[in-house]
Amino acid sequence: MTGMLALILLLVGVIAVAKTVRMVPQGFEWTVERFGRYTHTMTPGLHFLVPIMYSVGRKINMMEQVMDVPSQDVITKDNAVVKVDGVVYFQVLDAAKAAYEVAQLEIAILNLVMTNIRTAIGSLDLDESLSKRDEINTKVLHAVDQATHPWGLKVNRIELKDIQPPRDLVDSMARQMKAEREKRANILEAEGFRQAAILKAEGEKQSKILEAEGEREAAFRQAEARERLAEAEAKATEMVSNAIASGNVQAINYFIAQKYIEAFKSLAEAPNQKFVMMPMESAGIIGSLGGIAELAKEALAGASAARPVAVKQGS
């Protein structure tokens, strides 16, 4: 009987010590209640409580936590149905508020996030919902963080993991993207042809300009050559005229021989003449050439006679 009583007393003592000495692990905070009413919060470390009067209320995780947002159907502004899921990062800053201000904390956060996601995407078109994901994340984060502030929470990030349009919309978007790419390719090809045509026209224009300048320069050179030839012919005619006036018959022979040879030259160069008959006397041409030789001799003799006279005048 005495042994049984001692065993009972030992068991009661062990339970009392266990209720008195409490060790809170790192990353957690425990709330303390006195007869069911909150009194204070125990931080990580060793603590002592009076059994029966004080007890541990809630054990709150103070580390940043990650919670998945399940996929849900959301209707966009243009009545397209998309499936959206996400993830939430939050942290408890006040253990007492998280324990006593809201029941089932994680369920409350989850429902709040899902509701705000529907609200944010419902105000946007499908294209905006797919392209403005960062804007949606910021809007939902701001709304949820304000709503959970009285619960002693800090929502750090909300990220949409996936936005899935219906299959028919995906196929339609793929066809639209393909058509847009083909359109851009056709525009670039047409622009290339246009640029090539412009460059070709510029090249032809420059070529014609250079060709016209070349023809103008050639015409100028030909006119200058004809002018010099005319001057030379005029000079020769003047010399022949002076010789005839002085009674030199050989000058007439030279003039006739020159015109005679030029006439036969033109006749021989005619493109429609393949065979040319020349009914002329060799003695006539030789006589004309002799007249040319006589003129040359007389010109040389006159130049030799003029040289001594010039020397005497200089002395």
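The structure we're discussing is the one just above.
Residues numbered from 1 in each chain as written. Predicted model: local features only at pLDDT ≥ 70, side-chain atom pairs only at ≥ 80, totals over all residues. Heavy atoms only, no water.

Draft legend 1. Fine view of the nonpolar core. Counting residues in hydrophobic clusters, the biggest one holds 35 residues, and the most contacted among them are Val 84, Val 88, Leu 105, Ile 109, Val 113, Ile 117 and Ile 121. Those elements that provide at least two residues to this core are strand S6 (65-75), strand S7 (81-92), helix H2 (95-100), helix H3 (105-122), helix H5 (133-148) and strand S8 (153-164). Not counting residues up to four positions away in its chain, the partners in contact with Ile 117 are Val 69, Gln 72, Val 84, Val 140 and Leu 160. (Core = buried A, V, L, I, M, F, W, Y, C linked by side-chain atoms within 4.5 Å. Buried < 20%, exposed > 50% of the residue type's maximum accessible area, 1.4 Å probe, protein only. Helix = DSSP H or I, 4+ residues; strand = E, 2+ residues; numbered from the N terminus. Contact = heavy atoms within 4.5 Å.)

Draft legend 2. Highlighting the side chain of Asn 137. Take Asn 137: it is sitting in helix H5. In this structure the side chain of Asn 137 is engaged in a polar contact, spanning 3.2 Å, whose partner is the side chain of Glu 159. If near-sequence neighbours (up to four positions away) are discounted, Asn 137 is found in contact with Ile 158, Glu 159 and Leu 160. (Polar contact = N/O pair within 3.5 Å; in protein donor to acceptor, adjacent residues only side chain to side chain.)

Draft legend 3. Representation of unusual backbone geometry in the model. Positioned with a positive phi, Phe 35 is a non-glycine residue whose angle comes to about 55°. Considering the arrangement of structural elements, one finds Phe 35 in the loop between strand S2 (28-34) and strand S3 (37-42). Phi is positive for Gln 104, which is not a glycine, with a value near 55°. Along the chain, Gln 104 falls in the loop between H2 and H3.

Draft legend 4. Spatial organisation of H3. Counted at 1.5 Å a residue, the expected span for H3 with its 18 residues is 26 Å, and the 26 Å between its end C-alpha atoms agrees. Three or more residues of H3 are buried, namely Leu 105, Ala 108, Ile 109, Leu 110, Val 113, Met 114, Asn 116, Ile 117, Ala 120 and Ile 121. Against the buried residues of H3 lie S6, S7, H2, helix H4 (126-131), H5 and S8. (Expected span 1.5 Å × (residues − 1).)

Draft legend 5. How the structure looks around the sheet that holds strand S5 (residues 54-61). Spatial strand order, S3-S2-S5: three strands in an open sheet with antiparallel pairing. Of all the strands in the sheet, just S3 and S5 have a single pairing partner and so form its edges. Averaged over neighbouring strand pairs, the angle between their axes works out to 30° when direction is ignored. The pairing of S2 with S5 spans six bridges and is antiparallel. Along S5, the bridge assignment pairs Glu 29 with Ile 60. (Pairing = 2+ DSSP bridges. Axes fitted to C-alpha atoms, helices over the stretch in contact; angles between N-to-C directions.)

Draft legend 6. Here's a closer look at the pattern of salt bridges. Scanning all chains against the criterion turns up eight salt bridges. A salt bridge links Glu 191 to Arg 194; its shortest N-O distance comes to 3.2 Å. Remark: Arg 194 and Glu 191 occur in helix H6 (residues 167-245); sequence separation between them is three residues, near one turn of the helix. Arg 221 is the salt-bridge partner of Glu 224, the closest N and O atoms lying 3.9 Å from each other. (Salt bridge = Lys/Arg side-chain N within 4 Å of Asp/Glu carboxyl O.)

Draft legend 7. Focus on a nonpolar patch on the surface. Judged by side-chain polarity, Met 4, Leu 7, Ile 8, Leu 10, Val 12 and Val 14 come together as a nonpolar surface patch covering roughly 600 Å² of accessible area. Within the element layout of this structure, Met 4 appears in helix H1 (residues 2-20). (Patch = residues over 30% accessible without salt bridge, like charges linked within 9 Å, V, L, I, M, F, W, Y side chains within 5 Å. Areas by Shrake-Rupley, 256 points an atom, 1.4 Å probe, with all protein chains shown as cover.)

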